[in-house]
Amino acid sequence: MLTVSLTLALKIVFVLFGCLVWNFIKFSDEKDKYDDRDEAFPYSKYLGKNWDNLVKSLMLALVFLILGKEVLHFIVPLDGQITWSDSYYVGSGLVAEVIMQKLKAWKEKNKN
């Protein structure tokens, strides 16, 4: 029982890591714009504008984790070892972000 809980906890950490990687990439791109102009980056303004996106991506990634467990049966209680298929969990954080970005672009395109 403890092995299954530990394995699940580790996979949840992978999901959160995937989300944070994507959000850090976006943050870094935004900060680079200020760095290129030799301007101070407004950290508090950025956080104020983007905190909800981070929370949304974390929630959506956890939905993917549950979907993988309940529908696609990706979580198999093994002996606690990490296998190549565990990349699904990191990917679910990244996929959540990609879906949100594509949806946002589609909404902008079809605004009229």
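That block above? That's the structure.
Residues numbered from 1 in each chain as written. Predicted model: local features only at pLDDT ≥ 70, side-chain atom pairs only at ≥ 80, totals over all residues. Heavy atoms only, no water.

Participant: How should I be thinking about the overall build of the protein in this particular structure?
Facilitator: Within the protein one finds three helices and zero strands. Per-residue burial for the protein yields a buried fraction of 22% across its 112 residues. Considering only residue pairs separated by 6 or more positions, the protein has 73% of its internal contacts joining residues 24 or more positions apart. Accessible surface for the protein amounts to roughly 8,100 Å². Of this, 67% is attributable to carbon and sulfur atoms. (Helix = DSSP H or I, 4+ residues; strand = E, 2+ residues; numbered from the N terminus. Buried < 20%, exposed > 50% of the residue type's maximum accessible area, 1.4 Å probe, protein only. Contact = heavy atoms within 4.5 Å. Areas by Shrake-Rupley, 256 points an atom, 1.4 Å probe, with all protein chains shown as cover.)

Participant: Honestly, the packing of aromatic side chains in this entry has me stumped. Any pointers?
Facilitator: Two numbers describe a pair of aromatic rings. These are the distance of the centres and the angle of the planes. The tally for this structure, following the rule as stated, stands at seven aromatic pairs. When the ring of Phe27 is compared with that of Phe41, the centres are 5.4 Å apart and the planes differ by 85 degrees; the resulting orientation is edge-to-face. Within this pair, whereas Phe27 is found in helix H1 (residues 2–36), its partner Phe41 is found in the loop between H1 and helix H2 (43–70), the two being separated by 14 residues in sequence. One exposure class covers both Phe27 and Phe41, and it is buried. Between the aromatic rings of Phe41 and Tyr43, the centroid separation amounts to 5.0 Å while the plane-to-plane angle is 75 degrees, which identifies the pairing as edge-to-face. What makes Phe41 buried here is its relative accessible area of 9%. Feature note: the residues Phe24, Phe27, Tyr34, Phe41, Tyr43 and Tyr46 constitute an aromatic cluster, connected by ring pairs. (Phe/Tyr/Trp six-rings, centres within 6.5 Å; stacked < 30°, edge-to-face > 60°.)

Participant: Looking at this structure, I do not really get unusual backbone geometry. What am I missing?
Facilitator: A negative phi angle characterises most non-glycine residues, just as the trans form characterises most peptide bonds. The backbone phi angle of Asp38 is positive, close to 55 degrees, even though this residue is not glycine. Relative to the assigned elements, Asp38 resides in the loop between H1 and H2.

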